[in-house]
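Tertiary structure, described
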Amino acid sequence: MRGALEVADIFRTCGPAWRGEQRAHLSLAQLKVMSAIERCRSAALGGHVLRCEGCGADQIAYNSCRNRHCPKCQGSAAVRWLEQRQADLLPVAYYHVVFTLPAPVSAIAYYNKEIVYDLLFEIAARTLRTIAADPKHLGARIGATLVLHTWGSALTHHPHVHGIVPGGGLGLDTDRWVGCKPGFFLSVRVLSRLFRRLFLEQLELAHRDGQLRFFGEYAHLADPQLFAQWLVALRKVEWVVYAKRPFAGPQAVLAYLSRYTHRVAISNRRLRCAQRHLPLERLSG
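Residue positions are given per chain, counted from 1 along the sequence in the order it is written. Since the coordinates come from a predicted model, pLDDT governs what is reported: local features require at least 70, and pairs of side-chain atoms require 80 or more to be given and counted, while whole-chain, interface and lining totals use all residues. Remark: hydrogens and water are excluded; side-chain values derive from all non-hydrogen atoms of the structure.

**Points about the overall build of the protein chain**
Convention followed: Strands here are runs of E lasting at least two residues and helices are runs of H or I lasting at least four, both read from the DSSP assignment and numbered beginning at the N terminus. Partly exposed residues are those whose accessible area sits between 20% and 50% of the maximum for their type, while under 20% is buried and over 50% is exposed, using a 1.4 Å probe and protein chains only. Should any heavy atoms of two residues lie within 4.5 Å, those residues are counted as being in contact. The accessible surface values rely on the Shrake-Rupley method and a 1.4 Å probe; as for residues, cover is taken only from the protein chains in view. Neither His nor the chain termini are counted; the positive set is Lys and Arg, and the negative set is Asp and Glu. Taken as the charge centre is NZ of Lys, CZ of Arg, CG of Asp or CD of Glu, depending on the residue.
Scanning the protein chain for helices and strands turns up eight helices and nine strands. The dimensions of the protein chain, computed from C-alpha atoms along their principal axes, are 70 × 55 × 30 Å. Looking at the 285 residues of the protein chain, the share that counts as buried comes to 39%. Considering only contacts in the protein chain between residues 6 or more positions apart, those separated by 24 or more positions represent 68%. About 16900 Å² of surface is accessible on the protein chain, with carbon and sulfur atoms providing 54% of the total. Side chains of the protein chain carry 37 positive and 21 negative charges; the gap between the two charge centres is 4 Å.

**Quick word on the side chain of Asn-67**
Filter applied, for reference: Throughout this description, a polar contact denotes any pair of N or O atoms lying within 3.5 Å of each other; where both atoms belong to protein, one of them has to be capable of donating a hydrogen while the other can accept it, and for residues adjacent in sequence the pair is counted only when both atoms sit in side chains.
Mapped onto the secondary structure, Asn-67 falls in the loop between strand 2 (58-62) and helix 3 (75-87). Among the polar contacts listed, one links the side chain of Asn-67 to the backbone nitrogen of His-69, at a separation of 2.8 Å. Excluding anything up to four places from it in sequence, Asn-67 contacts Val-33, Ala-36, Cys-73 and Gln-74.

**What about the nonpolar core?**
What counts here: Residues belong to one nonpolar core when they are buried, are Ala, Val, Leu, Ile, Met, Phe, Trp, Tyr or Cys, and are joined through side-chain atoms within 4.5 Å.
The biggest cluster of nonpolar side chains holds 44 residues, and the ones touching the most others in it are Leu-128, Phe-185, Phe-195, Phe-199, Leu-203 and Trp-230. With nine residues, helix 5 (residues 113-133) is the single largest residue contributor to this core. In this structure, Trp-230 is in contact with Pro-104, Val-105, Ile-108, Leu-203 and Leu-221, ignoring residues within four places of it in sequence. Formed by eight residues, the second largest nonpolar core is a distinct cluster that contains Tyr-94, Val-147, Val-253 and Leu-254.

**Things to note about the sheet that holds strand 5 (residues 145-151)**
Where we set the bar: What makes two strands pair is DSSP finding at least two bridges between them. Orientation is described by axes fitted as lines to C-alpha atoms, over the contacting stretch for helices, and by angles from 0 to 180 degrees between their N-to-C directions.
Here four strands make up an open sheet; going across it, the order is 5-6-3-9 and the pairing antiparallel. Edge strands, defined here as strands with exactly one partner in the open sheet, are strand 5 and strand 9 (241-244). For this sheet, the mean angle separating the axes of adjacent strands, direction not counted, is 15°. Bridging between strand 3 (residues 94-100) and strand 9 involves four bridges; their strand directions are antiparallel. Note that in strand 9 the partner of His-96 across the bridge is Lys-244. Contacts between helix 6 (residues 188-208) and the sheet are confined to strand 3 and strand 9, with strand 9 contributing the most and set at about 145° to the helix.

**With respect to helix 3**
Two residues of an α-helix separated by three or four positions point the same way, owing to the 3.6 residues in each turn. For the record, the criterion: An expected span of 1.5 Å times one less than the residue number is assigned to each helix. Taken from the helix axis, the directions to the C-beta atoms give the arc we talk about.
Taking 1.5 Å per residue as the helical rise, helix 3 with its 13 residues ought to reach 18 Å, and the 19 Å between its terminal C-alpha atoms agrees with that figure. If you check which residues of helix 3 are buried, you get Ala-77, Ala-78, Trp-81 and Leu-82. Down the axis of helix 3, the buried side of the element spans an arc of 140°, and every buried residue falls inside it. Contacts from the buried residues of helix 3 go to strand 5 and helix 8 (250-261).

**Let's talk about helix 6**
If you check helix 6, its first and last C-alpha atoms are 30 Å apart, about what 21 residues at 1.5 Å a residue would give, namely 30 Å. For helix 6, every residue scored as buried is listed here: Leu-191, Ser-192, Leu-194, Phe-195, Arg-196, Leu-198, Phe-199, Leu-200, Leu-203, Ala-206 and His-207. The elements touched by buried residues of helix 6 are strand 3, helix 4 (103-109), helix 5, helix 7 (224-234) and strand 9. Just beyond helix 6, the residue with positive phi is Gly-210, at close to 75°.

**Concerning the pairing of strand 1 (residues 47-51)**
In this sheet, strand 2 lies alongside strand 1 in antiparallel orientation, the contact comprising five bridges. Counterpart to Arg-51 in the pairing with strand 2 is Asp-58. Where strand 1 hands over to strand 2, the hairpin turn is made up of six residues, of which Gly-56 adopts a positive phi near 80°.

**Side note on unusual backbone geometry**
Located in the positive-phi region is Arg-41, a residue other than glycine, with phi close to 55°. Structurally, the position occupied by Arg-41 is in the loop between helix 2 (28-39) and strand 1. For Arg-41, a relative accessible area of 40% puts it in the partly exposed group. Located in the positive-phi region is Arg-66, a residue other than glycine, with phi close to 65°. Inspection of the secondary structure assignment puts Arg-66 in the loop between strand 2 and helix 3.

**Re the sheet that holds strand 8 (residues 177-179)**
Sheet strands associate in pairs through backbone hydrogen bonding, adopting either a parallel or an antiparallel arrangement. The strand order across the open sheet formed by three strands is 4-7-8, and the pairing between neighbours is antiparallel. Each of the sheet's edge strands pairs with one partner strand only, and the pair in question is strand 4 (140-141) and strand 8. Across three bridges, strand 7 (residues 168-171) lies against strand 8 in antiparallel orientation. By the bridge assignment, Gly-169 is partnered in strand 8 with Val-178.

Here it is, written out as structure tokens:
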């Protein structure tokens, strides 16, 4: 059932003026997303007529835009993702892991999303595999399902990776199952230290190759010497890694992650007070 206010309403009402003001800063992809959301489930995308055989009443159903950024779309895709992941679960204990970037790295990630997000995935996975393969810790080859979150509960930029990981894996030289200690997966301190070292090494290489861009208060980091000093400070702080066995089981973690695999931060249900500032007569069409 349609709510009182939708993101599409705001885009239709305020979008033309905002696009005019920001046209020098908007990409073609961003413009396409706005257009898709504005047209979603409207006559602009066409539709079909549903007729009740009993009473003969007609109902028009307009087509969806199916854009991954649309608050009204992708629900069925999230359900399919959840069903597929649940079908892959093994009859073993699972652990919920989270790798979080510290605030300074998050700040430059905002302007270097593709590079930094790729590194976050790659280094989180490599860290898990490396420590798990060490005989001093587990001595096994493991797998994991990782999902990227780029915002926090307050809708601020907060890149972190959630993972659901079996509590064990296959032996290094055999197909024998090697399980972790009951209630304990891998040391978060060890994971954190390796994650920090590997990530900063790759970030330094990306800077050396000229792949990073810096703006505003971080513009000075384009200088190699200043960037090296910035890295020194990051090597001295603790990087947050979480690893716990979920109380409600892996199904609960997967259900939580599925709500974000095919959805963006600004959903219609988050809109509470904006209608006060929009002309209601322009929202009724």
